[in-house]
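What follows is each chain in one-letter form.
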Amino acid sequence: MLALSHIDDEDLMEEFCAMAGMLYAPGLEGYAAFDRGETVGYCLFFAKNGELEVVSCSWEETLGLGLCDGLLRAALDFAQRQRGCETAVFSAALPRDVLEKLPSLGYFTGGPFSITDFFTGCKHCGDTV
């Protein structure tokens, strides 16, 4: 069974940063997915000045793209509810192959987008729920 958790442990955050090939920076937050205690994915982000910036997202490909979606949705929800973010944006530092997969999940990768609109709009017909 998969469990998604906000990461409060700085050592674990530094481990995820190393896996992402980046240095830990103050204010960096993350969500991780665990399967029987093993890390199977993570999403790293900054949530400040009303905007969530996703800087890294990685997951076990064998578990499918849905795991990436779950991690991103957890980060979006957390940033909106806990940090007051209204918009989100994907960093240009995200690998191209990850950015190319996101539109199929309903994410806008061309710049900032409304978190509220993302959660309330139907990606298939454009209607709100």
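Before any of the text, the structure's been laid out above.
This text gives an overview of the structure that appears in the document. Residue indices begin from 1 for each chain and proceed along its sequence in written order. The predicted origin of the model limits local features to residues at a pLDDT of at least 70 and limits the giving and counting of side-chain atom pairs to 80 or more, whereas totals for whole chains, interfaces and linings rest on all residues. With hydrogens and water set aside, each side-chain value is computed from the structure's full complement of heavy atoms.

**Details of the pairing of strand β3 (residues 38-48)**
Next, step 1: β3 sits mainly inside the fold: 8 of its 11 residues count as buried.
Next, step 2: A strand pair is defined by DSSP finding two or more bridges across the two strands. Runs of H or I in DSSP of at least four residues are treated as helices and runs of E of at least two as strands, each being numbered from the N terminus. Relative to β3, strand β2 (residues 28-35) is paired through 8 bridges, and the arrangement is antiparallel. Residue pairing for β3: Leu 28 is matched across the bridge by Phe 46.
Next, step 3: Counted between consecutive antiparallel strands, the loop separating β2 from β3 contains 2 residues, among which Arg 36 sits at a positive phi close to 55°.
Next, step 4: Bridge count for β3 against strand β4 (residues 51-59) is 8 bridges, and the pairing is antiparallel. Counterpart to Lys 48 in the pairing with β4 is Glu 51. Partly exposed residues are those whose accessible area sits between 20% and 50% of the maximum for their type, while under 20% is buried and over 50% is exposed, using a 1.4 Å probe and protein chains only.

**Things to note about helix α1 (residues 10-20)**
Next, step 1: Turning to α1, its buried residues number three or more, namely Met 13, Phe 16 and Cys 17. Each buried residue of α1 sits inside an arc of 105° when the element is viewed along its axis, so together they form one side. Away from the buried face of α1 by more than 90 degrees, exposed residues Asp 11 and Ala 18 are located.
Next, step 2: For α1, the elements touching its buried residues are β2 and β3. The arc under discussion is defined with respect to the helix axis, by the directions toward the C-beta atoms. Here, residues are in contact when the closest pair of their heavy atoms is within 4.5 Å.

**A short note on the environment of Tyr 31**
Next, step 1: Assignment of secondary structure puts Tyr 31 in strand β2.
Next, step 2: A sequence separation of 16 residues divides Tyr 31 from Ala 47, and the C-alpha atoms of the two residues are 12 Å apart.
Next, step 3: Setting aside chain neighbours within four positions, we find Tyr 31 in contact with Leu 4, Ser 5, His 6, Ile 7, Gly 41, Tyr 42, Cys 43, Phe 45, Leu 71, Ala 74, Ala 75 and Phe 78.

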